[in-house]
Amino acid sequence: DAKTTQPTSMDCAEGRAANLPCNHSTISGNEYVYWYRQIHSQGPQYIIHGLKNNETNEMASLIITEDRKSSTLILPHATLRDTAVYYCIVRVARSGGSNYKLTFGKGTLLTVNP
Amino acid sequence: DGGITQSPKYLFRKEGQNVTLSCEQNLNHDAMYWYRQDPGQGLRLIYYSQIVNDFQKGDIAEGYSVSREKKESFPLTVTSAQKNPTAFYLCASSIGVQGNTEAFFGQGTRLTVV
């Protein structure tokens, strides 16, 4: 699976949009981009995923560049409860043993400030 | 409610003792995973299972063992051979063979060995 690179930490003001970048320059054509977040001492929570097109759900938007080498997770109106570590992961879409592995790096600690 | 349940939330054991962490899911998912998380670190994969009666080693399987006798259950045993067992352990599951499906995580078990 392709590796990802994320900033160690970011700050955002409450009510503003939080834009979290992720670099995945070695991504393959059959690899999806996933985002999870982890609030302190809890299990990770799924946010969103995409392949080529931009995606939006009730939690966030995912913008993937045309060459798919990077992506940005957007939380449109950050709240204090969005303070968490955000993980960007790439995951192969094919069947088989390696398909089941989710490789988590250290992620980005997003701190939303009042 | 559907979900993935880990128990107990906190566990204390004496050095040299084996301990088994429970993970149960009622989501009818085929794949299940165990991860370990150390302070300030990302998640590292210990074992994963694609289907009942089958499991594969992850990146840090030494000192751990698992079983998958039922679809709903994937217990993890931390043996005395694991040199640094104190950690936060997370179990997850995903629906099946396609890579474009998200994983759901339990709330974790914090194991402390004294």
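One can find the structure itself at the top, above this paragraph.
Residues numbered from 1 in each chain as written. Chains lettered and ligands numbered in written order. Predicted model: local features only at pLDDT ≥ 70, side-chain atom pairs only at ≥ 80, totals over all residues. Heavy atoms only, no water.

Asks: Tell me about the overall build of chain A, residues and numbers included.
Replies: Counting its regular elements, chain A contains zero helices and nine strands. When the helices and strands of chain A are read in sequence order from the N terminus, they spell out β-β-β-β-β-β-β-β-β. By the compact-globule yardstick of 13 Å for 114 residues, chain A fits well, its C-alpha radius of gyration being 14 Å. Looking at chain A residue by residue over its 114 residues, the buried ones come to 44%. For chain A, long-range pairs separated by at least 24 residues make up 58% of all intrachain contacts whose partners lie at least 6 apart in sequence. As displayed, chain A has an accessible area near 5,500 Å², and 49% of this comes from carbon and sulfur atoms. Computing the positive centroid from 11 side-chain charges and the negative centroid from 9, chain A places the two 7 Å apart. (Helix = DSSP H or I, 4+ residues; strand = E, 2+ residues; numbered from the N terminus. Rg over C-alpha atoms; globule rule 2.2 N^0.38 Å. Buried < 20%, exposed > 50% of the residue type's maximum accessible area, 1.4 Å probe, protein only. Contact = heavy atoms within 4.5 Å. Areas by Shrake-Rupley, 256 points an atom, 1.4 Å probe, with all protein chains shown as cover. Lys, Arg positive; Asp, Glu negative; His and termini not counted. Charge placed at Lys NZ, Arg CZ, Asp CG, Glu CD.)

Asks: Lay out the sheet that holds strand E2 (residues 18-23) of chain A in plain terms, naming residues and giving numbers.
Replies: Reading across the sheet, the four strands line up as E2-E7-E6-E5 (chain A) and stay open at both edges, with antiparallel pairing between neighbours. In this open sheet, the two edge strands, each paired with only one partner strand, are E2 and strand E5 (55-56) of chain A. (Pairing = 2+ DSSP bridges.)

Asks: Can you lay out unusual backbone geometry for me, pointing to particular residues and giving the numbers?
Replies: The residue after Ser7(B), namely Pro8(B), is reached through a cis peptide bond having omega -10°. Mapping Pro8(B) onto the fold places it in the loop between strand E1 (4-7) and strand E2 (10-13). For Arg68(A), which is not a glycine, the phi torsion comes out positive at approximately 65°. With respect to the helices and strands, the residue Arg68(A) is situated in the loop between strand E6 (61-64) and strand E7 (70-75). Given a relative accessible area of 8%, Arg68(A) falls into the buried group.

Asks: Tell me about the sheet that holds strand E4 (residues 45-50) of chain A, and please be specific about residues and values.
Replies: Residue and element names in this part refer to chain A. Pairing is mixed in the open sheet, where five strands are placed in the order E1-E9-E8-E3-E4. Bordering the open sheet on either side are strand E1 (9-13) and E4, each of which pairs with just one other strand. Put simply, the sheet's adjacent strands are angled 25° from each other on average, direction ignored. Two elements, strand E3 (residues 31-38) and strand E8 (residues 84-92), share eight bridges in a ladder whose sense is antiparallel. Paired with Tyr32 across the two strands is Arg91, which belongs to E8. (Axes fitted to C-alpha atoms, helices over the stretch in contact; angles between N-to-C directions.)

Asks: Would you mind going over the packing of aromatic side chains in detail, with residue names and values included?
Replies: Residues and elements named next belong to chain A. Under the defined criterion, the tally for this structure stands at 12 aromatic pairs over all chains. Ring plane angle 65° and centroid distance 6.3 Å describe the contact between Tyr34 and Tyr46, whose orientation is recorded as edge-to-face. Of the two residues, Tyr34 is situated in strand E3 and Tyr46 in strand E4; the sequence distance between them amounts to 12 residues. No difference in accessibility class separates Tyr34 from Tyr46, as the two residues are buried. (Phe/Tyr/Trp six-rings, centres within 6.5 Å; stacked < 30°, edge-to-face > 60°.)

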